[in-house]
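# Chains, contacts and geometry: an overview
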Amino acid sequence: MASRPAYFEGLLRFLRRKGRSQEDAEDLIQEAMLRLHVYGRNVTVGNKEAFLRHAVKNLSIDQHRRDRLDLRQEVPIEELNARSPLIAPQSTPEDTLEAEQRLGSIRAVLDAVSPRTREIYFAHRAGYSYAEIADSLNISHITIKRHIARALLTIMEHGETEEDGTPNRATE
């Protein structure tokens, strides 16, 4: 068996991290080495390791694309809708009322925390990212995380007892 270049193991690890099997990775490296040999006949390759790394990366991408040809098939919209509805079923009035009551109870629980914590918690629940909230309030990301954690802790602590102070059976 011919000796392997010093960087062979590095390329092998690179491809294994990308999800390739040992055999596929070795095949891709062999193909890249062949390309290096053919290309090197006409042009001097200054950095063989970089050439091979770039080649195995591209070969891996090409192989992945070939393996995924079935994803390009046309699928009737009815079949997609049967698997995962494109339009969510409408909520019933009971669902809406229950959600509003839960939101009201969370607001009542969050009256125990600072207005800033409440504001940050509801902004995050409305879909704003930590970065967006931090930028708008001119505070750090870690501060946002702490406010949200404080709000969640308060909500969880309240969920452990009923309004009359007795243990909540749902959390036992």
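This one's a predicted model, so the numbers in the text were calculated from it and none came from an experiment.

So, how was this worked out
- Residues numbered from 1 in each chain as written.
- Predicted model: local features only at pLDDT ≥ 70, side-chain atom pairs only at ≥ 80, totals over all residues.
- Heavy atoms only, no water.
- Axes fitted to C-alpha atoms, helices over the stretch in contact; angles between N-to-C directions.
- Helix = DSSP H or I, 4+ residues; strand = E, 2+ residues; numbered from the N terminus.
- Parallel < 35°, antiparallel > 145°, perpendicular 65-115°, else oblique.
- Left-handed = near helix turned anticlockwise from the far one by under 90°.
- Contact = heavy atoms within 4.5 Å.
- Nonpolar A, V, L, I, M, F, W, Y, C, P; charged D, E, K, R; others polar.
- Salt bridge = Lys/Arg side-chain N within 4 Å of Asp/Glu carboxyl O.
- Buried < 20%, exposed > 50% of the residue type's maximum accessible area, 1.4 Å probe, protein only.
- Phe/Tyr/Trp six-rings, centres within 6.5 Å; stacked < 30°, edge-to-face > 60°.
- Lys NZ or Arg CZ within 6 Å of the ring centre and 35° of its normal.

## Quick word on the packing of helix 6 (residues 115-125) against helix 7 (residues 130-137)
Helix 7 packs onto helix 6 with a crossing angle of 140° between their chain directions and a minimal axis gap of 10 Å. Classified by the angle between their axes, helix 6 and helix 7 sit oblique to one another. Handedness of the crossing formed by helix 6 with helix 7: right-handed. Here Arg 116, Glu 119, Ile 120, Ala 123 and His 124 of helix 6 come into contact with helix 7, specifically with Tyr 130, Ile 133 and Leu 137. Residue composition of the contact of helix 6 with helix 7, by class: five nonpolar, one polar and two charged.

## As for the pattern of salt bridges
Following the criterion strictly, the structure yields three salt bridges and no others. Two residues, Glu 98 and Arg 102, come together in a salt bridge whose shortest N-O distance is 3.3 Å. Residue Glu 98 and its partner Arg 102 are located together in helix 5 (residues 93-109), separated by four residues, close to a single helical turn. Overall, the relative accessible area of 48% leaves Arg 102 in the partly exposed class. As a salt-bridge pair, Asp 111 and Arg 118 come within 3.7 Å of each other at their nearest N and O atoms.

## A word on the packing of aromatic side chains
Given two aromatic rings, one states the distance between the centres and the angle between the planes to describe the pair. Tallying each qualifying case throughout the model produces two aromatic pairs. Each ring, one from Tyr 39 and one from Phe 51, has its centre 5.3 Å from the other, and the planes form 25°; the classification is stacked. Of this pair, Tyr 39 sits in helix 2 (residues 22-42) while Phe 51 sits in helix 3 (residues 48-67), and the two are twelve residues apart along the sequence. Ring geometry for Tyr 121 and Phe 122: centres 5.4 Å apart, planes at 70°, overall edge-to-face. On the basis of relative accessible area, Tyr 121 is assigned to the buried category, the value being 6%. The ring of Phe 14 carries Arg 53 above its face, with NZ or CZ at 4.2 Å from the centroid. Arg 107 extends its terminal NZ or CZ atom over the ring of Phe 122, reaching a point 5.3 Å from the ring centre.

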